[in-house]
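These are the residues of each chain, in order.
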Amino acid sequence: MSEILATDRAAPRHIAIVGSGPSGCFTAQALHRKWPDAEVTVFDRLAVPYGLIRYGVAADHQHTKAITRQFDRAFADGGVRFAGNMEVGTDFGLDQLRQNYDIVVLASGRWRDRALSIPGGKLPGVIVSGDIVNALNAVPRPAIPMPRIGRRVVVVGAGNVALDMVRFLIKTDADYEGSDVASAALRQYLEAPATEITVLSRSPIAAAKADVAMVKELGKIDGVKFSYANTSPATDDNALGRKREEAFAQLAALDVDAWRARVHFIFGAEPGRIRGTEHVEALHLQAAPAGEPSVLECDTVISAIGFDVNAPGQWHYAQHLDFTPDDTTGRIEDGLYRVGWLKRGPHGAIPANRADANEVAKEIIADVEAGRFHPHEEAQGYDGLPERARANAVSFDDWRHIDETEVRGAEPGRIRHKITDHDTMLATVRAATPK
Ligand SMILES: Cc1cc2nc3c(=O)[nH]c(=O)nc-3n(C[C@H](O)[C@H](O)[C@H](O)COP(=O)(O)OP(=O)(O)OC[C@H]3O[C@@H](n4cnc5c(N)ncnc54)[C@H](O)[C@@H]3O)c2cc1C
């Protein structure tokens with residue numbers, strides 16, 4: 001009997017994706033293309049789709065966020081269902097999901113800032129970049145207010161997120177024209193913006209992580225004087241390192257008559273400790289290039305040193321599973337897969353998630369075709385999930401009401417005013433579609 005069933009059902013009927021960031025959405029697209037008759041549902045704990053595209057990518061990078069339009073089409077034509085405000089592990093368990101879906105793909109991401117672990121790293125005035133990102137992007141669950149930032153700021157880290165921080169520190173309100181930045185958070189900062197910014201990188205320019213395009217972008221911002229100190233120039237065979245060095249040399253050569261802010265990059269610098277009694281007063285370097293001071297007087301330290309791969313609480317829905325980063329396989333066990341940052345670890349931009357999603361989709365298809373697939377005859381898909389959770393779910397049409405409300409509420413020069421609070425989003429949905 002089971003053999004007959006397996007032959008009859010050589011394709012999954014119900015596919016669940018947990019997380020509507022890019023990796024979840026790309027996977028949903030690929031699996032829907034393969035099995036157009038299957039129910040594909042993308043769940044998210046938030047009331048709005050797209051994960052870090054909406055909530056991580058900087059507000060002044062709207063061109064990057066435009067990728068969501070292709071996902072909109074997949075949700076809008078009914079081929080793929082969006083189910084927001086449905087948190088696996090809270091509204092229902094992973095077990096319930098697995099009982100009702102033939103295939104479950106976990107795409108819940110992971111990113112908790114790695115904190116500075118040097119003496120003084122917990123002093124008031126030491127901020128993780130994620131708190132600023134969350135405030136500028138109006139992350140709703142939980143909503144984090146814009147931290148207080150002083151005039152003299154040290155940014156620790158020189159990767160792309162660190163450069164997002166530098167752009168934020170030196171941009172003016174006008175530079176956010178056409179963006180969806182959280183205006184109140186930005187205004188709070190711009191009341192007394194930083195004027196002296198020092199950026200520290202352990203590695204020399206040649207080995208730093210920042211993309212060349214991100215370095216060049218800084219040069220387009222008016223009224224800022226750039227300088228840098230470096231150790232160990234790139235070797236002849238390090239073409240990328242040499243390009244990055246050129247980009248920094250061009251930044252430093254910019255002719256700026258009247259500057260409102262100065263940014264000094266120190267490459268090959270190692271923070272040693274942060275000094276202060278009740279608040280940050282200075283950062284002491286334990287290594288610095290020749291000629292650079294070893295003490296940087298400052299009132300704010302922003303760390304942008306990457307993410308804590310195993311920070312607790314990131315997958316409360318599946319504490320028993322091993323989520324050690326893995327570049328090779330998406331399969332956790334038969335019928336259960338992972339993709340994106342949850343699979344590979346918190347690195348790589350959106351295109352890397354597309355490639356990963358396509359690989360994992362191929363793996364799933366190959367498993368199904370090889371019989372490594374055990375359909376649940378009793379599975380009901382979405383209809384089998386608890387009624388209460390379904391009653392509170394935010395559909396794609398509901399999200400459009402939130403979207404329209406945000407766009408309608410945009411201040412002059414902005415494209416939307418993001419709702420900053422989860423309950424207000426749900427109230428917006430209820431007001432638009434009384435049940
Ligand atoms: C600050 C920052 C800036 C970035 N800037 C750029 C950039 O400019 N360009 C670029 O290409 N890339 C950028 N990236 C990288 C990019 O955002 C990531 O590569 C990508 O978002 C990872 O995709 P993901 O789908 O794996 O995870 P996420 O995008 O994190 O999506 C995970 C989703 O899962 C949901 N979720 C979590 N737990 C549950 C649960 N229990 N139940 C239901 N849903 C759940 C979350 O709400 C979220 O929507 C940036 C990242 C950060 C952190």
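For clarity, every value in this text was computed on a predicted model and none was experimentally measured. (Residues numbered from 1 in each chain as written. Predicted model: local features only at pLDDT ≥ 70, side-chain atom pairs only at ≥ 80, totals over all residues.)

Describing the domain arrangement of the chain
Reasoning step 1: On domain assignment, one finds that the chain holds domain 1 (2-111 + 310-394) and domain 2 (126-303).
Reasoning step 2: Taking the mean C-alpha position of each, domain 1 and domain 2 sit 35 Å from one another.
Reasoning step 3: Every contact between the two is made by eight residues of domain 1 and, on the other side, 15 residues of domain 2.
Reasoning step 4: Its residues assigned to classes, the side of domain 1 that touches domain 2 shows four nonpolar, two polar and two charged. (Domains from an automatic or database assignment. Contact = placed C-beta atoms within 7 Å. Nonpolar A, V, L, I, M, F, W, Y, C, P; charged D, E, K, R; others polar.)

Here we look at the site of the ligand
Reasoning step 1: Surveying the vicinity of the ligand reveals 37 residues, the closest of which are Gly19, Gly21, Gly51, Gly109 and Gly340.
Reasoning step 2: The set of elements that each furnish at least two residues to the shell around the ligand consists of α2 (22-34), α3 (51-55), α8 (160-170), α12 (341-344) and α13 (350-369).
Reasoning step 3: Formed jointly, the shell around the ligand draws a minimum of three residues from each of two domains, domain 1 (2-111 + 310-394) and domain 2 (126-303). (Near = placed C-beta within 6 Å. Helix = DSSP H or I, 4+ residues; strand = E, 2+ residues; numbered from the N terminus.)

Thoughts on the nonpolar core
Reasoning step 1: Counting 117 residues, the largest nonpolar core has Ile17, Leu136, Val155, Met165, Val166 and Ile197 as its most contacted members.
Reasoning step 2: Counting residues per element, this core draws most heavily on α8, at eight residues.
Reasoning step 3: Formed jointly, this core draws a minimum of three residues from each of two domains, domain 1 (2-111 + 310-394) and domain 2 (126-303).
Reasoning step 4: In this view, Val155 contacts Ala162, Met165, Val166, Ile197, Val199, Ile302 and Ala304; residues no more than four positions away in its chain are not counted. (Core = buried A, V, L, I, M, F, W, Y, C linked by C-beta atoms within 7 Å. Buried ≥ 20, exposed ≤ 12 C-beta atoms within 10 Å, placed from the backbone.)

Thoughts on the sheet that holds strand β8 (residues 224-229)
Reasoning step 1: Spatial strand order, β5-β13-β6-β7-β9-β8: six strands in an open sheet with parallel pairing. With one partner strand each, in any of the chains shown, β5 (126-128) and β8 form the two edges of the open sheet. Neighbour-to-neighbour, the strand axes of the sheet open up by a mean angle of 20°, direction not taken into account.
Reasoning step 2: Across three bridges, the pairing between β5 and strand β13 (residues 300-303) is parallel. Looking at the pairing, Val126 lines up with Val301 of β13.
Reasoning step 3: Packed on one face of the sheet, helix α7 (residues 129-137) meets β5 and β13 and runs near 60° to β5.
Reasoning step 4: Strands β8 and β9 (261-267) of the sheet are contacted by helix α11 (residues 239-253), whose axis makes an angle of about 135° with β8. (Pairing = 2+ DSSP bridges. Axes fitted to C-alpha atoms, helices over the stretch in contact; angles between N-to-C directions.)

Thoughts on the sheet that holds strand β12 (residues 295-297)
Adjacent strands of a sheet pair through backbone hydrogen bonds, lying either parallel or antiparallel.
Reasoning step 1: Strand order in the open sheet formed by three strands is β10-β11-β12, with antiparallel pairing between adjacent strands. Each edge of the open sheet carries a strand with a single partner, namely β10 (270-275) and β12. Strand-to-strand, the axes of this sheet are offset by a mean angle of 25°, without reference to chain direction.
Reasoning step 2: Examined bridge by bridge, β10 and strand β11 (residues 282-287) share five bridges and lie antiparallel to one another. Looking across to β11, one finds that Arg273 is bridged to His284.

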